[in-house]
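Summary of the model geometry
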Amino acid sequence: MKNELRHGRLKFISFLIIDLLCVVLANVLAVRLYLGISSVKYSMEEHLPVIYLMLCVDIIVTAAFNTLREVLRRRKRIEILETFKHVVISFVLLAMVLFTTKSGADYSRVIVFLAYALEFFLMLGCRYIWKKILMRAYWKNNSDSALLMTTDSFATEALSDLRKTGVEVKSIFLLDSKGQKSIEDVPVSGSIEDAIAVLGWDLAKKVYIYGLDHQMIPDALAAACKEMKVKIDLVDFKYKIIDVKTVKNDDSRYGSLSFIEGKRDIPFPIRRVYWITETEADLHRGHHAHKLNCQLLFCPHGKIDIILDDGEKKETVTLDEPGKGLLLMPGLWREMIWQESGSVLCVLASEYYDPDEYIRNYDGFIAYNNEDGRKKDN
Ligand code: TYD
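Note that the coordinates shown come from a computational prediction; the quantities given were computed from them, not determined experimentally.

**Focus: the pairing of strand β15 (residues 324-328)**
Burial runs high along β15: four of the five residues are buried. Both strand β7 (residues 239-243) and β15 contribute to a ladder of five bridges, which runs antiparallel. Across the sheet, the residue bridging to Lys-240 is Leu-327, located in β15. Where strand β12 (residues 295-301) meets β15, four bridges bridge the pair, whose relative direction is antiparallel.

Put into structure tokens, the structure is as follows:
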């Protein structure tokens, strides 16, 4: 059962039984209500054929129109629409049956109308409660459960990072999904709707965005989180060394070919590419930080040291091979030192060039980082 729920499939039988009970209950209530407020002589026995008919119609509509499709994954708004559709189709079908059999006059129309109106609210409420019960039964202890959004290249690392902090990842939404069903036994949400459904039914209490810029959070996910009051956390890392995919030919004369795809190998779309050439050894450049710009630095030729400073500690990364990339997130002070003349530095950037987005003063950088930290804390 757990697996079925996990993969979005379910046996509809329990929902169908609940629907049928709602049909009966709606009719009983409708008859009671009607008899309570009117002096017309009409009994439950007289109404029984309508109840049987409505039960048959309900089963036919469920099967023919597949009205319980993905019932567990539907969010509230979709559920209201689907239940409404189900009730309207059932009503039309019943009216057609009564009309063609010329038996409509035998029954109270008011009660039929009333029964369908009640059926709608009962069905909606019962489906909702039943879904909650199913979800709660199968996913207990999920206070630290989360939906992870990242790219394929970061998924394994993100999972291990989150697990270390005690977070249980219930589902992964990959921005560049290639149809994976799961990663390290964690199911992958095939679409943004699936990812939102995971939140909709309380499977995950939080969303972790790993290695992505906040601008890459899909609008639908951001809106759903707002609506459901689910917190989005950007899992921060300041920099990462990544392996740039490289193809080497058996014949060494062919050299090697390296490539990077925006939003796949790096967590941002590439808006700008620049490179620095014709350099002397011991050239120092940089001395700035970015407020927004994410970058991938690589050195296809030569050797360059990149000194990174987050305001608290300094670290040096040496770029000395075409297959080595340095992913830099905003808020890092950097200095580049050319170790060999002629070394080439290439940069893929997430933003268009904007001098206002640079921080070129170190004290300003420290002040900006502290201010940014305060914003995150609040
Ligand atoms: P700068 O960012 O200061 O280089 P570095 O930090 O590596 O020393 O850029 C040098 C000059 O090039 C500066 O006048 C701005 C200009 N420039 C652009 O016009 N567009 C760009 O995309 C970049 C990166 C720089």
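There's more to say after this.
**Focus: the packing of helix α3 (residues 44-65) against helix α4 (residues 76-100)**
The contact between α3 and α4 brings their axes to 9 Å, and the two run at 125°. As far as their axial angle goes, α4 and α3 are oblique. For the pair α3 and α4, the crossing hand works out as right-handed. Together, Leu-53, Met-54, Val-57, Asp-58, Ile-60, Val-61, Thr-62 and Phe-65 of α3 and His-86, Ile-89, Ser-90, Leu-93, Leu-94, Val-97 and Leu-98 of α4 make up the contact between the two elements.

**Things to note about the side chain of Arg-334**
Summarising the element assignment, Arg-334 is placed in strand β16 (residues 333-338). Although Arg-334 is buried, it forms no salt bridge, and the closest oppositely charged side chain is Glu-357 at an N-O distance of 7.7 Å. One polar contact links Arg-334 to Gln-295, side chain to side chain, over a distance of 2.4 Å. Every residue in contact with Arg-334, bar those within four places of it in the chain, is listed here: Arg-285, Gly-286, His-287, His-288, Ala-289, His-290, Gln-295, Ile-307, Leu-308, Leu-328 and Met-329.

About the criteria used
- Residues numbered from 1 in each chain as written.
- Predicted model: local features only at pLDDT ≥ 70, side-chain atom pairs only at ≥ 80, totals over all residues.
- Heavy atoms only, no water.
- Buried < 20%, exposed > 50% of the residue type's maximum accessible area, 1.4 Å probe, protein only.
- Helix = DSSP H or I, 4+ residues; strand = E, 2+ residues; numbered from the N terminus.
- Pairing = 2+ DSSP bridges.
- Axes fitted to C-alpha atoms, helices over the stretch in contact; angles between N-to-C directions.
- Parallel < 35°, antiparallel > 145°, perpendicular 65-115°, else oblique.
- Left-handed = near helix turned anticlockwise from the far one by under 90°.
- Contact = heavy atoms within 4.5 Å.
- Lys, Arg positive; Asp, Glu negative; His and termini not counted.
- Salt bridge = Lys/Arg side-chain N within 4 Å of Asp/Glu carboxyl O.
- Polar contact = N/O pair within 3.5 Å; in protein donor to acceptor, adjacent residues only side chain to side chain.

Purely geometric numbers; function is a separate question.
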